[in-house]
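# Structural overview for review
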Amino acid sequence: MKKLSLIYSIALASLFSCTDLDEDLKSNLPKEKAEEFLKANVDFSSLMETVYRDFDSRFIQHAGCVWLFQEISADAAVVPSRPSGWDNGGVYRQLHTHTWVPTNPYILSLWSGLNKGIFDATNVLSFEPNQALASEARFLRAFFMYSVLDLFDQVPFREPGDNLLEPSTVLRGIEAADFIIQEVEEVLPNLPASGPAYRASQNAARGLLAKLYLNRAVYENRENPQFSSTDMQKVIEYVDAIEGKSLDFYWDSFIPDNNNASSELVFTIEGKGGVRSHALWVWWHAIFPSEMTLPNGGGWNGFCSTPEVYDLFEESDVRRYYDHPITRAHGYNAGFLTGQQYDADGNALPNVVFTKEVPTIVGATLWNGYRPMKYIPDYENPGAADNDIVLLRYADLLLMKAEALWRNGESASALEIVNEVRGRNNIGPLSNVDAEVLLDERGRELFWEGHRRQDMIRFGKFLGSWTLKEPSTAKYLIFPIPPADVLANPNLEQNPGF
């Protein structure tokens, strides 16, 4: 008899754990028979749901998630230590000040979580699903691979059926980018043309491809990317191919039931109101102090905005301040929470007066830092909010197209798109477009959505200085690989400088 591969052993153990099948089907089943049985009886819906759930907490959390690494390491957010805590052994401080080390526990958590998403998607493919399911799994795997590439520059990869006892192949830089692009372009025609944004679709694939082509030059040379007109034209083509999406009122993309309220959402993490909790509740708790009322209790009072991101906004910009009916009922606004805060009856909350400045990253007060309220809390479903977490939306794609047009010398067309996005936000049009304008408008439109680090790297601003952060060196353009993984896989190399 042939020895079962590890992946089939795990699958068999899981499948048989709740059955009374004959003992002969357990330890002595030949590999070929085991594969035949599993492929005939596999529950693809459960396997696929595992992959979708991998997105939760790996993309929005207060710990090792993509959002944290993209926003805290950039000029948009900071987590100072306060009397209420939040030092956590310096893990947030390392990210914000660009002093991170390979043993940072949040780096380990993010690396393992994203690679788990790749593994779980490959596991679906191991059971030879039909073309539609295989395309869906390959797209989800590609999204995880893109995130690993963007953050770590090295992507461990296995084909379905590879021996898990052997080291995985590792794709790097432009090689990884081109592999992911090829994967997504191959599966795009076989993905659903429509459907909810929390499932893989042709629009989601087009959005991911636009991201990949926009950043392709960065993955080839992060210090000095050279953007080709061919790549920029691909960005434009994929954004133009988006179907059924349009700009909506800004805050509709972030309210409870945003999947139905907004026409902008392209790819999201599903929230099921009152049914299943996801990591969004952690976001709210990380921002709010205990004195303010959350859907499921008081908050932990840690995360805040830097002055730089707040100062990007004009006073009349609805993205900066909006008196939303849901938040108004509880005494605050959507956008940025500034100055004195109030309860639902309009009474001033004692001592809860947020200041714009964050004077120190160690020993800040409870109230230093304005607080962004991006996702409108779901008070009807405490603990299991109905907000879908946005990964890609149409306004982001339009601004990517504007940037691609500008890089290809079509400034007038780029300006038209930027002003189209601005026009729905109660602010006037701009008269010109350049690198600073494009980066600033992305900073306004996409604040606290998990894109800022990537955008700053692309525009050559990530190694500069801002609140509580001094200029840094090029090694901080990527994150280190956890040392244990480098030791375990000879195909992995520690990133330079670490």
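Scroll up to find the structure.
In this report, the structure presented in the accompanying data block is examined. The numbering scheme is per chain: residues are counted from 1 as the chain's sequence reads. Residues qualify for local features only when their pLDDT is at least 70, as the model is predicted, and side-chain atom pairs are given and counted only at 80 or more; totals for whole chains, interfaces and linings, by contrast, use all residues. Side-chain calculation: all heavy atoms of the structure are included, whereas hydrogens and water are not.

Bringing the packing of helix H15 (residues 394-407) against helix H16 (residues 411-423) into the picture now. Axis definition: a line fitted to C-alpha atoms, over the contacting stretch in the case of helices. Angles run 0 to 180 degrees between N-to-C directions. Going along the chain from the N terminus, every DSSP run of H or I of four or more residues is numbered as a helix, and every run of E of two or more is numbered as a strand. Their axes nearest at 7 Å, the elements H15 and H16 cross at an angle of 160 degrees. Classified by the interaxial angle, the pair formed by H15 and H16 is roughly antiparallel. Considering the relative orientation of H15 and H16, their crossing is left-handed. Along its contact with H15, which presents Ala395, Leu398, Leu399, Lys401, Ala402, Leu405 and Trp406, the element H16 presents Ser411, Ser413, Ala414, Ile417, Val418, Glu420 and Val421. Looking at the contact of H15 with H16, its residues break down into 10 nonpolar, 2 polar and 2 charged. Note on terminology: angles under 35 degrees are roughly parallel, angles over 145 are roughly antiparallel, angles of 65 to 115 are roughly perpendicular, and the others are oblique. By the definition used in this description, the sense in which the near helix is turned from the far one sets the handedness, with an anticlockwise turn below a right angle giving left-handed and a clockwise turn giving right-handed. The contact definition used throughout considers only heavy atoms, calling two residues in contact when any of these lie within 4.5 Å. Three categories are distinguished: nonpolar for Ala, Val, Leu, Ile, Met, Phe, Trp, Tyr, Cys and Pro, charged for Asp, Glu, Lys and Arg, and polar for the others, with Gly belonging to the last.

On to the packing of aromatic side chains, then. Two rings belonging to Phe, Tyr or Trp (six-membered ring only in the last case) form a pair when the distance between their centres is within 6.5 Å. Interplanar angles under 30 degrees mark stacking, angles over 60 mark edge-to-face geometry, and anything in between is tilted. Applying the stated rule across the entire model yields 41 aromatic pairs. Ring geometry for Phe254 against Tyr375: centres 5.4 Å apart, planes inclined by 90 degrees, an arrangement best described as edge-to-face. Of this pair, Phe254 sits in the loop between helix H10 (229-240) and helix H11 (258-261) while Tyr375 sits in the loop between strand S10 (371-373) and strand S11 (389-393), placing them 121 residues apart in sequence. Comparing Phe254 with Tyr375, the two get one shared label, buried. Relative to Phe498, the ring of Tyr476 has its centre 5.9 Å away and its plane inclined at 85 degrees; by these criteria the two rings are edge-to-face. Residue burial is assigned from relative accessible area. The probe radius is 1.4 Å, only protein chains are included, and a residue is buried under 20% of its type maximum, exposed over 50%, and partly exposed in between.

Moving on: the pattern of salt bridges. Whenever a carboxyl oxygen of Asp or Glu lies within 4 Å of a side-chain nitrogen of Lys or Arg, that contact is scored as a salt bridge. This structure, assessed with the given rule, holds 37 salt bridges. Among the salt bridges present, the one from Asp455 reaches Arg442, with a minimum N-O distance of 2.8 Å. Here Arg442 lies in helix H17 (residues 435-445) and Asp455 lies in helix H18 (residues 452-458), a separation of 13 residues in the sequence. Note on Arg442: relative accessible area 2%, which makes it buried. Overlapping salt bridges bring together Glu264, Glu314, Asp317, Arg319, Lys374, Arg393, Arg422, Arg424, Glu441, Arg444, Glu445 and Glu449 as one network.

On to the state of the cysteines. By definition, a disulfide links two cysteine residues through a covalent bond between their sulfur atoms. Cysteine sulfur pairs qualify as disulfides if the two atoms are within 2.5 Å. Considering all chains together, one arrives at 0 disulfides under this definition. With no disulfide of its own, Cys65 has Cys304 as its nearest cysteine by sulfur position, at a separation of 16 Å.

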